[in-house]
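So you can see what is in the structure, the chains are spelled out below.
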Amino acid sequence: MTENLVSIRGLTVEFRVPRGILRAVDEVDLDICKGEILGLVGESGCGKSVLAHAIIKQVDPNGYIKGGKVLFEGKDVFSMSEEDLRRFRWKDVAIIFQGAQNALNPVMRVFDHMIDTVLAHEKSSKEEILKRSFDLIKMVRLDADRVLKLYPHELSGGMKQRVISAMSLLLSPKFLILDEPTSSLDVLTQKYFLRLMRDIHEKTGITMLFITHDLGCVAEVADRIAVMYLANIIEIGDVKEIFYDPKHPYTAALIKSIPSAIGKMGEIKPIPGPIPDPVFPPSGCRFHPRCQYASDKCRKERPSIINIGGGRLVACHLYTQG
Amino acid sequence: MGSVLIDVKDVSKFFSIGGRLFGKKRSVCAVDNVSFCINEGETVALVGESGCGKSTLGRLALGVLQPTSGKILFRGKDIWRLNRSEFKEFRRNAQIIHQDPYDTLNPMRTIYQSLSPPLMHYKIARNRRECWEKASELLKMVGLVPPEDFLQRYPARLSGGQMQRIAIARAISVNPSFIVADEAVSMLDASLRIEILDLLLDLKRKFNMACLFITHDFGVARYFARDGRILVMYLGSIIEEGPTEDVILDPIHPYTKILLDCVPVPNPEVARSRGLPHLKSLEVPSITNMPPGCKFYTRCPYGEDICSQKVPTLKPSGKDRLVACHMFS
C-alpha cells in the first residue's frame, strides 16, 4: 500500500438538534492514500458531508467534534492554531461544495476572484496570478482570454463549476474534497466534469475525495470506494471489487436497487424497511433491522471495521479477519 | 391496449417574462407544438433534462395550465370546453404526485385532515365514519400500517418515503384514471426509490390507471415504464418516442443517443469504456433566443444545412417508433 495523505482515527462528530444529540459521524477510521481518488458514497443524511468537512475542522455551529483525530501528512489538524488552520485550508486542502457555483461573488469578475484567493494566502504579483489562472482556466477547457474577464452571471452552470474547480487548484493543494460537485449539473455537463476531474488527476496527481450519493458517478471516477451508512463506514475497497463483488449486505443491496439505463437491466430489488432515525439509531449493527442476514449478535454488538484481505475492509459480523 | 384516454394535439405553451418596470415584455416557448396520446391504463415516461418543459407538459395534460394553442382531449372531449360538472369529473379523473413530498402536504393539518376533504367533496364517503374507514383503507393500500398510527399525525413527523406514500394515497383516493407523477421519486434515496415505484406500479395495475411519469433519470424511466413507452423531450419538443426498451437499447435521435451515452452507470468497466460524446457545443441554447430549424442543431455532431433551416417533425421510423430528425429517420 502507498503512503497515507490523510488518516482519520476514531472521528466522532455530534450535533445538538431539538430532539437530542445526533451523532453524524460515529468513530470512523479512514485512510486516504496519496494520489488516489477515493469515492465516499452513502444516502442523504448518512454523514458523508459532515465527515469530509471535519477533515478541515469545519463543523456547523450546532455541531462539535466529540473525539478522534485527523492526521494530514502526519500533522494533527485538530490541534492546529487558527492561523495554521487558515493556511492549511485551500493551500493544502481545497474543497468544492455542493452548489458551489453560487459561491461566486456576482459583482466580481472571474479574475478578481483569482486575485483575492491568491493574495489571501501568499504574496504574489498580478502578472504571476494572471499566468497561473490562465493555465488553470485552460486546463478546465474554457476560453481563458474571455472567461477571466466575465462576471459570474455571464457564465452557465457548467462553466461556473469549472471556474470553481480552477480556483480550487490555484494554490496547488495536495488534497481536493469534492462534495456532491455534480448534483446541480445536467447529465451532459456532469459527464464532461467527471472526465475533467480524471484528467486533472492524471496531470497533477492530486489526491481527491469525491463525495456523492450517485453510484454512477463514483463508478466513473474513483479508484477506491468507501460506503457509509448511518454515521458509519461499513465497507472500503477497490472500485471494481465493490461493484462486482460487494461484501457488506448494505453495499450489495444498494447496488441491486439502482436500475441501469444501459445494458441489461438485471434484477432490481428494493432495500426493505425505512432508513432509521439517526437521533435514535438501532442497537448493534446499524443496518440489522433491514438486513436479511441479521442474527442475535448483530442486534447486540456493533461490528468494527476489519481487514478481510486484499485491501478490503468490512464492518459486518458475517466476515472474519483475513 | 385500450382506447385513447388523453390525446394531446399540437399543444404549445408560451410564458411571458419581463415586462415589468424595466425591459421589454418577451415570451418564451416552454412547450412547442407537441402531440402525443396515452391509452387507458398505459404507462408513459417523459424524459428530459431540467428546463426542457417536461413539467409544463405534465401540467398541461392535467388541465392545471391552459395551452396557448392546441387541444387536449380527455376521452375524446376537449378539456377546456367542458361544462362545469364535466370539468369537475375530469379533475377527479386526473391527479398528480409532486416531486417534493414535504411541499405536498399542509404542515398544519393531520394526515386525516389532508385526506378527507376530497373524499367528502366527491361523495366517495358519505359521512365521517365512512371517511375515516376509507382513509384507513387507503393508508393500508400504500403500506402504512397500522393506519390509526398515521391518520392523526402531522406531516413533520413522517419521513420522506412515508410522505410520498401519503401523496400517492391522496392521488388515488378519488379513483382517478390518469396520474401524472412529476419526478415522484427524485427526492428519495436510492434504497427507497424502487419500493415507491413498485407500489405505484402495483396500484396502477390494480385500478387500471394510466400514468405519465416525468423524470430526468433514464434508469428510473426504464424501470417504471418497462411495459410502456418513452417520450424524450428537448427544449420544448418531443424528439423521440417509442416502446421503452427499444428506445433505451437502440436510440435513433442523436440527442437521445448522446444522453444515454452520458448517463452515469453503476458499473466501473462500462462507465470508463465510454468516451465523451462529440458535441459541437456544450452550451444549451437560451430559450429566449431559440435557433431556427432543429433545436439540437447547435450541438448536434451530425447536423447539415437542412437542420439549421427546417424544423424536423416526428416521423415514423421503424416499428412503433417516432423520431424528429432530418438525418436519422
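Preceding this section is the structure that the text describes.
Draft legend 1. Main features of the overall build of chain A. Secondary structure assignment for chain A yields eleven helices and twelve strands. On the principal axes, the C-alpha backbone points of chain A span a range of 65 × 50 × 40 Å. The burial tally for chain A puts 54% of its 322 residues in the buried class. When the accessible surface of chain A is summed, it comes to about 13800 Å², and 53% of that surface belongs to carbon and sulfur atoms. Side-chain charges of chain A comprise 43 positive and 40 negative groups, with the mean position of each set lying 1 Å from the other.

Draft legend 2. How the structure looks around the side chain of Arg286(A). Residues and elements named next belong to chain A. Among the structural elements, Arg286 can be located in the loop between α10 (249-256) and α11 (296-300). Classification of Arg286 as buried rests on a relative accessible area of 15%. Within the local environment of Arg286, its side chain forms a polar contact with the side chain of Asp26, the two groups lying 2.8 Å apart. The residues contacting Arg286, other than those within four sequence positions of it, are Asp26, Tyr229, Leu230, Asn232, Pro276 and Pro281.

Draft legend 3. Up close: helix α1 (residues 54-62) of chain B. Residues and elements named next belong to chain B. Across the nine residues of α1, seven count as buried, placing the element largely inside the fold. For α1, the full list of buried residues reads Lys54, Thr56, Leu57, Gly58, Leu60, Ala61 and Leu62. Among the residues trailing α1, Gly63 stands out with phi positive, at a value near 80°.

Draft legend 4. Broad picture of the packing of aromatic side chains. Residues and elements named next belong to chain B. Going through the model one piece at a time under the given rule, you end up with 14 aromatic pairs over all chains. Ring geometry for Tyr302 against Phe328: centres 5.1 Å apart, planes inclined by 80°, an arrangement best described as edge-to-face. Taken together, the residues span a long stretch of sequence, with Tyr302 in the loop between α12 (268-273) and α13 (305-309) and Phe328 in the segment after β12 (322-323) at a distance of 26 residues. Aromatic rings pair up to connect Phe74, Trp80, Phe87 and Phe90 into one cluster. Above the face of the Phe328 ring, Lys257 is positioned so that its terminal group lies 4.3 Å from the ring centre. Against the face of Tyr297 rests Lys280, its NZ or CZ located 4.3 Å from the ring centre.

Draft legend 5. View of the packing of helix α2 (residues 82-91) of chain A against helix α3 (residues 110-121) of chain A. Residue and element names in this part refer to chain A. Their axes nearest at 10 Å, the elements α2 and α3 cross at an angle of 140°. Between α2 and α3, the interaxial angle falls into the category oblique. Handedness of the α2/α3 crossing: left-handed. Every residue of α3 that contacts α2 at Arg86, Arg87, Arg89, Trp90 and Lys91 is listed here: Thr117, Ala120 and His121. Here the residues of the contact of α2 with α3 sort into two nonpolar, two polar and four charged.

Draft legend 6. Geometry of the interface of chain A and chain B. Each partner contributes residues to the interface: chain A has 46 residues there, and chain B has 38 residues. Interface of chain A and chain B: buried area, both sides summed, is about 3700 Å²; carbon and sulfur atoms make up 63% of it. Of all residues in chain A, the largest losses of buried area upon contact with chain B belong to Leu188(A), Tyr192(A) and Ala261(A), amounting jointly to 19% of the total for that side. Across the contact surface, chain A and chain B share one salt bridge. For the pair chain A and chain B, the number of links is eleven residue pairs in polar contact (both at pLDDT 80 or more). Mapped by element, the contributors of at least two residues to the side of chain A that touches chain B are α6 (157-168), α7 (187-204), α8 (215-221) and α9 (239-244) of chain A. Sorting elements by how many residues they give to the side of chain A that touches chain B places α7(A) first, with eight residues. Tallied by class, the residues present in the side of chain A that touches chain B amount to 25 nonpolar, nine polar and twelve charged.

Draft legend 7. Layout of the pattern of salt bridges. Residue and element names in this part refer to chain A. Counted under the stated rule, the structure contains 48 salt bridges over all chains. Linking Glu14 and Lys66 is a salt bridge whose minimum nitrogen-to-oxygen distance equals 3.9 Å. Highlighted residues: Glu14 in strand β1 (residues 4-17) and Lys66 in strand β4 (residues 63-72), separated in sequence by 52 residues. Judged by relative accessible area, Lys66 falls into the partly exposed class, the value being 49%. Across the salt bridge formed by Lys34 and Glu73, the nearest N and O atoms sit 3.7 Å from each other. Of this pair, Lys34 sits in the loop between β2 (20-33) and β3 (37-41) while Glu73 sits in the loop between β4 and β5 (75-76); the two residues are 39 residues apart in sequence, bridging distant segments of the chain. A residue is classified by how much of its surface remains accessible, and Glu73, at 33% relative accessible area, is partly exposed.

Draft legend 8. Structural view of the state of the cysteines. All names here are of chain B. One pass over the structure, following the stated rule, counts zero disulfides over all chains. Lacking any disulfide linkage, Cys294 is separated from the closest cysteine sulfur, that of Cys307, by 6.0 Å. In this model Cys325 remains outside any disulfide bridge; the closest cysteine sulfur is found in Cys300, 6.2 Å from its own. Here Cys325 falls in the buried class, since its relative accessible area comes to 7%.

About the cut-offs
Residues numbered from 1 in each chain as written. Chains lettered and ligands numbered in written order. Predicted model: local features only at pLDDT ≥ 70, side-chain atom pairs only at ≥ 80, totals over all residues. Heavy atoms only, no water. Helix = DSSP H or I, 4+ residues; strand = E, 2+ residues; numbered from the N terminus. Buried < 20%, exposed > 50% of the residue type's maximum accessible area, 1.4 Å probe, protein only. Areas by Shrake-Rupley, 256 points an atom, 1.4 Å probe, with all protein chains shown as cover. Lys, Arg positive; Asp, Glu negative; His and termini not counted. Charge placed at Lys NZ, Arg CZ, Asp CG, Glu CD. Polar contact = N/O pair within 3.5 Å; in protein donor to acceptor, adjacent residues only side chain to side chain. Contact = heavy atoms within 4.5 Å. Phe/Tyr/Trp six-rings, centres within 6.5 Å; stacked < 30°, edge-to-face > 60°. Lys NZ or Arg CZ within 6 Å of the ring centre and 35° of its normal. Axes fitted to C-alpha atoms, helices over the stretch in contact; angles between N-to-C directions. Parallel < 35°, antiparallel > 145°, perpendicular 65-115°, else oblique. Left-handed = near helix turned anticlockwise from the far one by under 90°. Nonpolar A, V, L, I, M, F, W, Y, C, P; charged D, E, K, R; others polar. Buried area = accessible area lost by both parts, 1.4 Å probe. Salt bridge = Lys/Arg side-chain N within 4 Å of Asp/Glu carboxyl O. Disulfide = S-S within 2.5 Å.

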